[in-house]
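One letter stands for each residue in the lines below.
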Amino acid sequence: EMSIDKLIAKFKFMNILVVGAGLSGATIARELAEAGHSVHVIDRRDHVAGNAFDYTNEHGIRVHEYGPHLFHTNNKEVFEYLGKFTTWVPYRHKVKAQLEDGRHVTLPVNKETKEIVGEENVLDIFFRPYTKKMWGVELDELNPDIINRVPIRDDDNEYYFPNDEYQAMPKDGYTKMVENMLYHHNIRVETNTEYNYHMDSKYDHVFNSMPIDQWFDFKYGKLPYRSIRFETVHLPMTRALPTATVNFTHDGPKTRVTEWKNIPCHGDNKYITTLTFEEPCDYADNNFERYYQVKDRDGKNRELYEKYKNEIPENVTFIGRCGLYAYLDMHQAVNSALAIARKFLS
């Protein structure tokens, strides 16, 4: 039989800190709040939603501050879970690549694209220059998993995520969706708030999405990341691009451009359109903004992460891309956070 003390301990509502108000942090915060725990969410930025943050600009066009976020998944549970906090608007993303002569061809490379450029030229046109810009290394130095994310096709498919059943955009944007996730009487949110180690002692448990190597003060060395610089421009025209996103095949510094109005619920100004260009760089050259983990061919970066992981204290759980040092799409971040929250609650 369970003693009264054990019963009380078993049902004790805890005081939880969540560091980071992105999708991972918001999912965990919501799950723990609904279970009755008191959750304090902090974020060093001046907004919630992490890298999925979006806003409406002065021209009435919705812009994603940290590059295009396109929701796509085969995970029905995640799609329906987020659907509690937003209305989904169907959207199947298309991407074109601009060749040196200005022509646009479909990405991922399909049968028609191969016929236009010649199958023997596919790697040199679409993969080599992009890899060098995006990852700062030659194609042969990169883990093949990264390249295999966008497979070459033998059909006439025009969609960027052809195999995903659920593809949609949140009607009122990602920021609003995350605000709805965090709107709960057991959740308190503070932005413009830096994490510091003294906070840990005030809470029963900490879920932390900050870079794990930074938390350990880089004692075994720094985990490498790639970052992106964004350049947003406004053009006095109704529409500029054939698709929402166009990739560049040249060896200049920019990798792609997104025209926001080509995505549903992103504004309909008929006189002006807003475009955002992307230029990859090392995270140290962009105010230490970490966007992409570097998946090296020999796995040294993963080994370094495991070294840090083995020393995580019991009252701390690392979450999200930077905490897990893993490339997570949005649906994967939410799925991972749901699993972490449920394991914790069980």
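Along each chain, residue indices are assigned from 1 in the same order as the chain's sequence is written. Residue-level local features of this predicted model are given only where pLDDT is at least 70; pairs of side-chain atoms are given and counted only at 80 or more, and the full residue set underlies all totals for whole chains, interfaces and linings. Excluding hydrogens and water, the side-chain figures rest on all heavy atoms present in the structure.

Looking only at helices and strands, one finds eleven helices and 17 strands in the chain. Expressed along its principal axes, the backbone C-alpha trace of the chain runs to roughly 75 × 45 × 35 Å. Think of it in three bands: with a 1.4 Å probe and only protein chains considered, a residue is buried below 20% of the maximum accessible area for its type, exposed above 50%, and partly exposed in between. Burial analysis of the chain (346 residues in total) assigns 52% to the buried set. Whether two residues are in contact is decided by their heavy atoms: any pair within 4.5 Å suffices. Look at the contacts in the chain between residues 6 or more apart in sequence, and 72% of them connect residues 24 or more apart. Methods summary: accessible areas were calculated by the Shrake-Rupley approach with a probe of 1.4 Å, and residue burial reflects only the protein chains presented. A total accessible area of about 17100 Å² is found for the chain, and carbon and sulfur atoms account for 49% of it. If the 43 positive side-chain charges of the chain are averaged to one point and the 52 negative ones to another, these points end up 3 Å apart. To qualify as a helix, a DSSP run of H or I must reach at least 4 residues; to qualify as a strand, a run of E must reach at least 2; elements of each kind are numbered from the N terminus. The charged-residue count follows a simple rule in which Lys and Arg add positive charge and Asp and Glu add negative charge, with His and chain termini not counted at all. Just so you know, the charge point we use is NZ for Lys, CZ for Arg, CG for Asp and CD for Glu.

Within strand β15 (residues 273-282), seven of the ten residues are buried, which leaves it mostly tucked inside the rest of the structure. Any two strands with at least two DSSP bridges between them are considered paired. Relative to β15, strand β12 (residues 225-235) runs antiparallel, the two sharing ten bridges. Its bridge partner being in β15, Thr232 is matched across the sheet by Thr276. Two strands pair when backbone bridges link them, and strand β14 (residues 256-259) and β15 are joined in this way by four bridges, in the antiparallel orientation. Bridging from a neighbouring strand, Val257 pairs with Phe277 of β15.

Spatial ordering of the open sheet is given by β8-β7-β13-β14-β15-β12-β16, a layout of seven strands whose pairing is mixed. Two strands close off the open sheet at either side, each with one partner strand: β8 (104-107) and β16 (292-293). For strand β13 (residues 245-248) and β14, the ladder comprises three bridges, and the chain directions are antiparallel. Across the sheet, residue Asn247 finds its bridge partner in β14, namely Arg256. Where helix α5 (residues 122-135) meets the sheet, its contacts fall on β7 (95-98), β8, β12, β13, β15 and β16, and the angle it forms with β12 comes to roughly 105°. Convention adopted: a line fitted to C-alpha atoms gives each axis, helices being fitted over their contacting stretch, and angles between N-to-C directions are expressed from 0 to 180 degrees.

The next subject is the side chain of His205. Mapped onto the elements, His205 comes out in strand β11 (residues 205-208). The buried category is assigned to His205, whose relative accessible area is 7%. Definition of a polar contact: a pair of N or O atoms within 3.5 Å, with one able to donate and the other able to accept a hydrogen when the atoms are protein atoms, and with sequence-neighbouring residues admitted only if both atoms are side-chain atoms. A distance of 3.4 Å separates the side chain of His205 from the backbone oxygen of Asn315, its partner in a polar contact. With residues up to four places along the chain from it excluded, the contact list for His205 reads Asn15, Ile16, Leu17, Glu314, Asn315, Val316, Thr317 and Phe344.

Any two of the Phe, Tyr and Trp rings considered here, Trp counted by its six-membered ring, make a pair once their centres fall within 6.5 Å; the pair's planes then place it as stacked at under 30 degrees, edge-to-face at over 60, or tilted in between. Scanning the entire structure with this criterion turns up 22 aromatic pairs. A ring pair is formed by Phe79 and Tyr166, whose centres lie 4.8 Å apart and whose planes are at 20°; its orientation type is stacked. Within this pair, whereas Phe79 is found in helix α3 (residues 76-83), its partner Tyr166 is found in strand β9 (residues 166-170), the two being separated by 87 residues in sequence. In terms of burial, Phe79 and Tyr166 fall into one category: buried. Considering the side-chain rings of Tyr160 and Phe161, the 5.1 Å spacing of their centres and the 85° angle between planes classify their relative orientation as edge-to-face. Aromatic ring contacts, followed pair by pair, group Tyr195, Tyr197, Trp215, Phe216, Tyr220, Tyr308 and Phe318 into a single cluster.

On to α5, then. By this rule the span expected of a helix is its residue count minus one, scaled by 1.5 Å. Its 14 residues place the ends of α5 19 Å apart at the C-alpha level, agreeing with the 20 Å of an ideal helix rising 1.5 Å per residue. Bend angle per residue: angle between axes fitted to the 7 residues ending at that residue and the 7 residues starting there. Of all the bends in α5, the largest measures some 25° and sits at Arg128, one to four residues before the proline Pro129. Along α5, the residues that are buried comprise Val122, Phe126, Phe127, Pro129, Thr131, Lys133, Met134 and Trp135. Once α5 ends, the next one or two residues include Gly136, with phi positive near 70°.

Attention now goes to the state of the cysteines. Two cysteine sulfur atoms form a disulfide, by the criterion used here, when they sit within 2.5 Å. All told, the structure shown has zero disulfides when counted by the stated rule. Sulfur of Cys322: no disulfide; nearest cysteine sulfur belongs to Cys281 and is 14 Å away.

For this analysis, a salt bridge means a side-chain nitrogen from Lys or Arg found within 4 Å of a carboxyl oxygen belonging to Asp or Glu. One pass over the full model with this rule turns up 18 salt bridges. Put simply, Lys219 and Glu311 hold a salt bridge, and the shortest N to O gap is 2.6 Å. Highlighted residues: Lys219 in the loop between α8 (212-215) and β12 and Glu311 in the loop between α9 (300-309) and β17 (316-318), separated in sequence by 92 residues. Here Glu231 and Lys254 are joined by a salt bridge, their closest N and O atoms 3.4 Å apart. Here Lys254 lies in the loop between β13 and β14 and Glu231 lies in strand β12, a separation of 23 residues in the sequence. Where salt bridges share partners, they join Arg229, Glu231, Lys254 and Glu279 into one cluster.

Glancing now at the pairing of β7. Direction of pairing for β7 relative to β8: antiparallel, over a ladder of four bridges. Along β8, the bridge assignment pairs Gln98 with His104. Hairpin connection of β7 to β8: five residues between the antiparallel strands, including Gly102 at a positive phi of 95°. Inspection of the sheet shows β7 paired to β13 by four bridges, in the parallel sense. Within the sheet, the bridge partner assigned to Ala97 lies in β13 and is Asn247.

We now examine the sheet that holds β17. Two orientations exist for strands paired in a sheet by backbone hydrogen bonds: parallel and antiparallel. Here we have five strands laid out as an open sheet, ordered β10-β2-β1-β11-β17, and parallel in their pairing. Looking at strand neighbours, the two that pair on one side only are β10 (187-190) and β17, the edges of this open sheet. Averaged over all pairs of adjacent strands, the angle between strand axes in this sheet comes to 15°, irrespective of strand direction. With five bridges connecting them, strand β1 (residues 15-19) and strand β2 (residues 38-42) associate as parallel partners. The residue of β2 that forms the bridge with Ile16 is Val39.

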